[in-house]
Amino acid sequence: MTAAAAPFTAFSRGLVGDRRATLGFVLVLIAVVAAVAAQLIAPFDPDAPDFAAVLAPPSLAHLLGTDELGRDVFSRIIFGARVSLFVGFFSVAGALVLGTGLGLVAGYFGGLLGTLIMRVMDVVFAFPSILLALAIAAVLGPSLVNAVLAIAIVNLPVFARIARAQTLVVSQLDFVEAKRALGFGSTNILVRTVMPNMLAPIIVQGSLLFAAAIITESYLSFLGLGAQPPTPTWGNMLRNAIGFLDLAPWLAWFPGAAIFLTVLGFNLLGDALRDIFDPRNG
Amino acid sequence: MGGFLLSRVMSLVPILLGTSLVAFFLVRLIPGDPAIALLGLEADPRSIAALRTQLALDQPLVFQYLTWLGRILTGDFGRSIQGGREVFPLLLSALGPTALLSLASILISLAIAVPAGIVAATRRNTMADYGASFAALCGLSMPSFWLGVLLILTFSIYIPILPASGYVSPLLDPLGFLRFLVLPALTLGAALAAATMRMTRATMLEVLRADYVRTARAKGVPARVVVWRHAFRNAQIPIVTLLGIQMGQLLGGVVITETVFSWPGIGKLTVDAIFARDYPVVQGAVLLTATLFVLINLITDVIYTIIDPRVRLA
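Only a predicted model underlies this, so the values are computations on that prediction, with no experimental measurement involved.

Trainee: Quick question: what am I supposed to make of the overall build of chain B here?
Mentor: Across its full length, chain B carries 13 helices and 0 strands. Its helices and strands in sequence order give chain B the pattern α-α-α-α-α-α-α-α-α-α-α-α-α, from N to C terminus. Over its C-alpha atoms, taken along the principal directions, chain B stretches across nearly 80 × 55 × 35 Å. Burial status across chain B gives 49% buried among its 314 residues.

Trainee: What's the story with the packing of helix H5 (residues 111-125) of chain A against helix H1 (residues 2-28) of chain B in this structure? I'm lost.
Mentor: A packed helix pair is summarised by two numbers, namely the angle formed by the two axes and the spacing between the axes. Remark: H5(A) packs on H1(B), axes separated minimally by 9 Å, with the N-to-C direction vectors making an angle of 70°. Taken together, the axes of H5(A) and H1(B) lie roughly perpendicular to each other. Classified by chirality, the crossing of H1(B) by H5(A) is right-handed. Touching Arg119(A), Asp122(A) and Val123(A) of H5(A) are Pro14(B), Ile15(B), Gly18(B), Thr19(B) and Val22(B), all from H1(B). Looking at side-chain class alone, the contact of H5(A) with H1(B) contains 4 nonpolar, 2 polar and 2 charged residues.

Trainee: So what exactly am I meant to see when it comes to the pattern of salt bridges here?
Mentor: Pairs may arise between side chains of opposite charge once their charged atoms sit close together. One pass over the structure, following the stated rule, counts 13 salt bridges over all chains. A salt bridge links Asp122(A) to Arg119(A); its shortest N-O distance comes to 3.0 Å. Of this pair, Asp122(A) and Arg119(A) both sit in helix H5, 3 residues apart, which is roughly one turn of the helix. The shortest N-O distance in the salt bridge between Asp129(B) and Arg201(B) comes to 2.8 Å. Separated by 72 residues along the polypeptide, Asp129(B) in helix H6 (residues 127-141) and Arg201(B) in helix H8 (residues 174-208) bring together distant segments of the chain. There is no split in this pair, since Asp129(B) and Arg201(B) are both buried. Among the charged side chains, a network of salt bridges with common partners joins Asp47(A), Asp67(A), Arg71(A) and Arg76(A).

Trainee: Any chance you could explain the packing of aromatic side chains here in plain terms?
Mentor: Centre distance and the angle of the planes are the two values used to describe a pair of aromatic rings. Residue and element names in this part refer to chain B. Taken as a whole and assessed by the stated rule, the structure comprises 17 aromatic pairs over all chains. The interplanar angle of 80° and the centroid separation of 5.1 Å between the aromatic rings of Phe24 and Phe25 together place this pair among those described as edge-to-face. Judged by its relative accessible area of 1%, Phe24 is buried. Accessibility expressed as a relative area gives 33% for Phe25, which makes it partly exposed. On the basis of an interplanar angle of 50° and a centroid distance of 5.5 Å, the ring pair of Phe24 and Trp68 is categorised as tilted. Taken together, the residues span a long stretch of sequence, with Phe24 in helix H1 and Trp68 in helix H4 (residues 61-73) at a distance of 44 residues.

Trainee: Even after reading the chapter, I still don't get the interface of chain A and chain B, so can you show me in this structure?
Mentor: Note on interface size: it is often stated as the accessible area lost on association of the parts. Of the residues lining the interface, 41 residues belong to chain A; the matching set on chain B comes to 49 residues. Interface of chain A and chain B: buried area, both sides summed, is about 3,700 Å²; carbon and sulfur atoms make up 79% of it. Here chain A and chain B share 1 salt bridge between them. With a shortest N-O distance of 2.9 Å, Asp271(A) and Arg198(B) are connected by a salt bridge. Our enumeration of links across chain A and chain B arrives at 5 residue pairs in polar contact (both at pLDDT 80 or more). The set of elements that each furnish at least two residues to the side of chain A that touches chain B consists of H5, helix H6 (129-140), helix H10 (199-222) and helix H12 (250-277) of chain A. Ranked by residues supplied to the side of chain A that touches chain B, first place goes to H12(A) with 12 residues. Its residues assigned to classes, the side of chain A that touches chain B comprises 30 nonpolar, 5 polar and 6 charged.

Trainee: Just to check I follow, could you spell out the environment of Val226(B) for this structure?
Mentor: Residues and elements named next belong to chain B. Tracing the backbone through its elements, the reader meets Val226 in helix H10 (residues 223-260). Val226 gets classed as buried once you look at its relative accessible area, which sits at 0%. The sequence separation of Val226 and Ala216 amounts to 10 residues, and the corresponding C-alpha distance is 6.6 Å. The contacts of Val226, once residues within four sequence positions are left out, are Val213, Ala216, Arg217, Val221 and Ala231.

Trainee: It is not clear to me how the packing of H1(B) against helix H12 (residues 279-307) of chain B should be interpreted in this structure. Could you clarify?
Mentor: Residues and elements named next belong to chain B. Running from amino to carboxyl end, H1 crosses H12 at an angle of 160°, the nearest separation of the two axes being 10 Å. In terms of axis orientation, H1 runs roughly antiparallel to H12. Regarding H1 and H12, the two cross each other, and that crossing is right-handed. Looking at the contact of H1 with H12 residue by residue, the classes come out as 18 nonpolar, 6 polar and 2 charged.

Trainee: Mind showing me how you'd approach helix H11 (residues 234-241) of chain A here?
Mentor: Residue pairs spaced three or four apart in an α-helix point in one direction, given the helix's 3.6 residues per turn. Where burial is concerned, most of H11(A) is hidden: 6 out of the 8 residues are buried. Listed in full, the buried residues belonging to H11(A) are Trp234(A), Gly235(A), Asn236(A), Met237(A), Leu238(A) and Ala241(A). Buried residues belonging to H11(A) abut helix H4 (73-109), H10 and H12 of chain A together with helix H7 (144-158) of chain B.

Trainee: Any chance you could explain the side chain of Ser105(B) here in plain terms?
Mentor: All names here are of chain B. In this fold, Ser105 is placed in helix H5 (residues 87-122). Reaching out from Ser105, the side chain makes a polar contact with the backbone oxygen of Ser102 at a distance of 3.0 Å. Beyond its immediate chain neighbours, meaning those up to four positions away, Ser105 contacts Ala185, Leu188, Gly189, Leu192 and Leu250.

Trainee: Help me out: how do you make sense of the nonpolar core in this one?
Mentor: One recurring pattern in soluble globular proteins: nonpolar side chains tend to sit buried together. Counting 129 residues, the largest nonpolar core has Leu134(A), Trp68(B), Leu91(B) and Phe145(B) as its most contacted members. Ranked by residue count, the leading element in this core is H4(A), at 12 residues. Setting aside anything within four residues of it in sequence, one finds Phe145(B) in contact with Ser218(A), Tyr219(A), Phe222(A), Leu238(A), Ile259(A), Ile256(B) and Val260(B).

Trainee: Before we go on, may I ask you to explain H4(B) in this structure?
Mentor: Residues and elements named next belong to chain B. Taking 1.5 Å of rise per residue, the 13 residues of H4 would be expected to cover 18 Å, and the 18 Å separating its terminal C-alpha atoms lies within 8% of that figure. For H4, the full list of buried residues reads Gln64, Tyr65, Trp68, Leu69, Arg71 and Ile72. Here the buried residues of H4 occupy an arc of 160° about the axis, which is enough to place them on one side. Facing away from the buried side of H4 by more than 90 degrees, the exposed set consists of Val62 and Leu73. Where the residues of H4 are buried, they touch H1, helix H3 (45-54) and H12.

Trainee: How should the confidence of the model for chain B be read in this particular structure?
Mentor: Low-pLDDT portions of the prediction should not be read for the details of their coordinates. Across chain B, the average pLDDT comes to 86, with 98% of residues at or above 70. Taken together, the chains of this predicted complex give a pTM of 0.87 and an interface ipTM of 0.85.

Trainee: In this structure, what is going on with a nonpolar patch on the surface? I would like to understand it.
Mentor: All names here are of chain A. Together, Phe25, Leu29, Val33, Leu40 and Ile41 line one region of the surface with nonpolar side chains, adding up to about 500 Å² of accessible area. Looking at the nonpolar patch, the elements with two or more residues in it are helix H2 (19-36) and helix H3 (38-41). The leading source of residues in the nonpolar patch is H2, at 3 residues. Along the chain, Leu40 turns up in helix H3.

Scoring rules and cut-offs
Residue positions are given per chain, counted from 1 along the sequence in the order it is written. Think of it this way: whatever chain is written first is A, whatever ligand is written first is 1, and the rest follow in order. Given that this is a predicted model, residues contribute local features only at a pLDDT of at least 70 and side-chain atom pairs are listed and counted only at 80 or more, while totals for whole chains, interfaces and linings are drawn from all residues. Hydrogens and water are ignored here; the side-chain numbers use all heavy atoms of the structure. Only DSSP runs of H or I reaching four residues or more are called helices, and only runs of E reaching two or more are called strands; each is numbered from the N terminus. Each residue's exposure class comes from its accessible area (1.4 Å probe, protein chains only) as a fraction of the maximum for that residue type: buried when under 20%, exposed when over 50%, partly exposed otherwise. Axis angles are defined between N-to-C directions and span 0 to 180 degrees, where every axis is a line fitted to C-alpha atoms and, for a helix, only to the segment in contact. Here the angle decides the label: under 35 degrees means roughly parallel, over 145 means roughly antiparallel, 65 to 115 means roughly perpendicular, and every other value means oblique. Each helix crossing is assigned a hand: it is left-handed if the near helix lies turned anticlockwise from the far helix by less than a right angle, otherwise right-handed if that turn is clockwise. A contact between two residues is defined here by any heavy atoms of the two lying within 4.5 Å. Note on residue classes: Ala, Val, Leu, Ile, Met, Phe, Trp, Tyr, Cys and Pro are nonpolar, Asp, Glu, Lys and Arg are charged, and everything else, Gly too, is polar. Salt-bridge detection follows one rule: a side-chain nitrogen of Lys or Arg within 4 Å of a carboxyl oxygen of Asp or Glu. Stacked, tilted and edge-to-face are the three classes applied to pairs of Phe, Tyr and Trp rings, where Trp contributes its six-membered ring and a pair requires centres within 6.5 Å; stacked means planes under 30 degrees apart, edge-to-face means over 60, and tilted covers the rest. For any pair of parts, buried area is found by adding up, for both, the accessible area (1.4 Å probe) each one loses once the two are put together. Identification of polar contacts relies on pairs of N or O atoms within 3.5 Å, with a donor-acceptor requirement for protein atoms, meaning one able to donate a hydrogen and the other able to accept it, and with residues adjacent in sequence counted only if both atoms are side-chain atoms. Put simply, a nonpolar core is a bunch of buried Ala, Val, Leu, Ile, Met, Phe, Trp, Tyr and Cys residues held in one set by side-chain atoms that sit within 4.5 Å of each other. Here, expected helix span is obtained from the residue count minus one, scaled by 1.5 Å. Think of it as the arc spanned by the lines of direction from the helix axis to the C-beta atoms. What pLDDT reports is the predictor's confidence in each residue, on a scale of 0 through 100. Patches draw on residues past 30% relative accessible area with no salt bridge. Two like charges within 9 Å are joined, as are two nonpolar side chains (Val, Leu, Ile, Met, Phe, Trp, Tyr) within 5 Å. To measure how exposed things are, a 1.4 Å probe is used in the Shrake-Rupley method; for residues, cover is taken only from the protein chains shown.

This is the structure:
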């Protein structure tokens, strides 16, 4: 257990003193609060049109202006945080659980099964990720759930590769050998011993992929393959903004800034975590 | 070298077969009859029946796949649903603009990232380092279509000096081509530069700590020569490797960038085909892009055995 606990002590100690981590944490926190408490924070109904205030520039009444239907951009951005974080969380969590599982099995048991798993992962990895996510979303049909699925599938090989590599290293170590000699079963060894010892790199990768997943989701919705209107997403708001660039540029500024700042937050956190777990990179 | 090349090429076979399986099943996963998916809903029953025979849809799946693979290998990707043009020439004609855009953005990214990375590494923990590192992190966090839109806003609307979107062949109008090229190439290049800068900085830091760099310094080699000839040459391998890996990001990035800037390359072709439900084109484009990606990675491997012969022995 100490082997698993050690990184976490370092982790909490390292995060507190790190300015980048603090900034990242604050940015992520803002996005999370916006998503969770959208109903309470948003000054307007995100879908309610107001034809008296169409394409209104930012003002006190509408902090970030309104779109071509008079909908409040600020409220839509707050509700858009829900989609981004939902897709980010479930696609990364899904890929993490399944990918790590596959990597563990491939690394621990090896053999034909292991080779087969890793070959399939190589093939998924052979596609540029946005392209594969696009193709999957296109075939399954555009929707929020399919965007999650597409992004999760694309990220599977990343976790599988890390988990396999870590398993190969850890399962050679003396204490695993000792447990095997004592007659513990494979499941016990995998879950109790191998898994806790590879959490650090998996968590670091998870936080960085969370950032990438938010970007990929915004690409999918930008192209019209994510959550469908009228659900506001940062990507489909930007898609919509393209038609009004000269009339209402604020429609393009703010959703993009929301994506940028949220992704920056996760990247800052991920970087800080990596430096804590692997101080050589700093 | 010959043996090394052969073994690398052979290792691609299972991957390429796998990608072809994915492209094949992509169309089979669409609910309904693949023949209708491939011909469009308005197709007449006779041509649907003909395609069903051609695709061997009444045969077992393995046989269907092999039939399809046989046709792909002879360059027969089927016909586009829109206009009935052959898919393969369509793909080839989109490759040129994509290649030009990719090349321009790689050059831009290297021109920004390598000097910035070296400066950050040689002046570690100074304001220059913090500034460059933070800029790189911002670049990584920037969704490329937003950067594209901001560039259009700035250089086509606020200060209208460049066209917002479009394309003209460099053979017809070289100057016009360059004007169209600037904004999309900057958009794509910025995204690549961010990762390259971080990699350059990290490897330079590693290399600058090496014994031979200390030796060079100790014997009085000027600092500039140490950095460029002793350190940077040894930092090139990870950078070249990263460039290979970035090809995936690049080939994905062109999908978005080409759509924003109406650049008639393989990315825009793919997106347009997805929306037109033009599955033969989607299938062909996905297969071609993945194959290119795999081949580019092979070329990267070969290049760094040339830069560093030690790799070959490993």
